[in-house]
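Per-entry structural report
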Amino acid sequence: MNKHWIMVFVAAFFEVLWVIGLKHAGDALTWTGTAIAIFISFYLLIRSGRYIPVGTVYAVFVGLGTAGTFFSEILFFDQPFVWAKFFFVVFLLAGVVGLKLVTKDQPSEGAEA
Amino acid sequence: MAWTFLIIAGLFEMFGVAMISQVNKKRNWVSVALLIGGFGASFLFLAFAMESLPMGTAYAVWTGIGAAGGALLGMFLFGESKDWKRIVFIAMVLSATVGLKLIS
């Protein structure tokens, strides 16, 4: 596990936070937190795109965000556990692991700028 | 009309994903502004589409167009790997994401 992939995972974590925020935020404090989470997740998404192909980064970002939203709705918002959804999440995570295994780091293209 | 809005939203999302590559190549305010404008326009048209389409359907189609289109643009415009294993795994992640959003 290298730090560029960790950046993608942290970006997806903050994506889950702002998706929850968009749905549940109700006052100045929670909206500010939501805005900060959007900023952090996109900042990390763009940074990781320097080292990992952007097509891969974006697919993993939306996929993990969706999977994370599924788990947080069950854990924190009393949504029922649905086996069909769980199957998709496992299939999705298998795809993410596969992508990580077949992706070679590329040198930073923006390094000389 | 809602479907037209949704497709436009997906195209702006593809554009936004392509601009992530562009920002990393040319670090200037124009590419950052295009990136923010692309995702901004995309969210706006997604919101228009959701006024008449079910949220799960709209979200699933939007994600699918943006992520698949973004990966294809990456391969053809930015020289990303066209390795079949990469394509298979991206397709896995995408189909599972779209499936999850459709049944949510």
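Now for a description of the structure that goes with this document. Predicted, not measured: the structure shown is a model, and the values here were computed from it.

A closer look at the packing of aromatic side chains
In total, this model carries 22 aromatic pairs over all chains according to the counting rule given. Ring geometry for A:Trp83 versus A:Phe86: centroids 5.6 Å apart, planes at 90°, classification edge-to-face. With A:Trp83 and A:Phe86 both in helix α4 (residues 83-102) and three residues apart, this pair spans about one turn of that helix. Since its relative accessible area comes to 27%, A:Phe86 is described here as partly exposed. Plain terms: the ring middles of B:Phe12 and B:Phe45 are 5.9 Å apart, the flat faces sit at 10° to each other, and that makes the pair stacked. Of the two residues, B:Phe12 is situated in helix α1 (residues 2-25) and B:Phe45 in helix α2 (residues 29-50); the sequence distance between them amounts to 33 residues. Its relative accessible area of 31% is what places B:Phe12 among the partly exposed residues. The exposure class assigned to B:Phe45 is buried, which follows from its relative accessible area of 18%. Members of the aromatic cluster, each reached through a chain of ring pairs, are A:Trp18, A:Phe42, A:Tyr58, A:Phe61, B:Phe39, B:Phe43, B:Tyr59 and B:Trp62.

So, how was this worked out
Residues numbered from 1 in each chain as written. Chains lettered and ligands numbered in written order. Predicted model: local features only at pLDDT ≥ 70, side-chain atom pairs only at ≥ 80, totals over all residues. Heavy atoms only, no water. Phe/Tyr/Trp six-rings, centres within 6.5 Å; stacked < 30°, edge-to-face > 60°. Helix = DSSP H or I, 4+ residues; strand = E, 2+ residues; numbered from the N terminus. Buried < 20%, exposed > 50% of the residue type's maximum accessible area, 1.4 Å probe, protein only.

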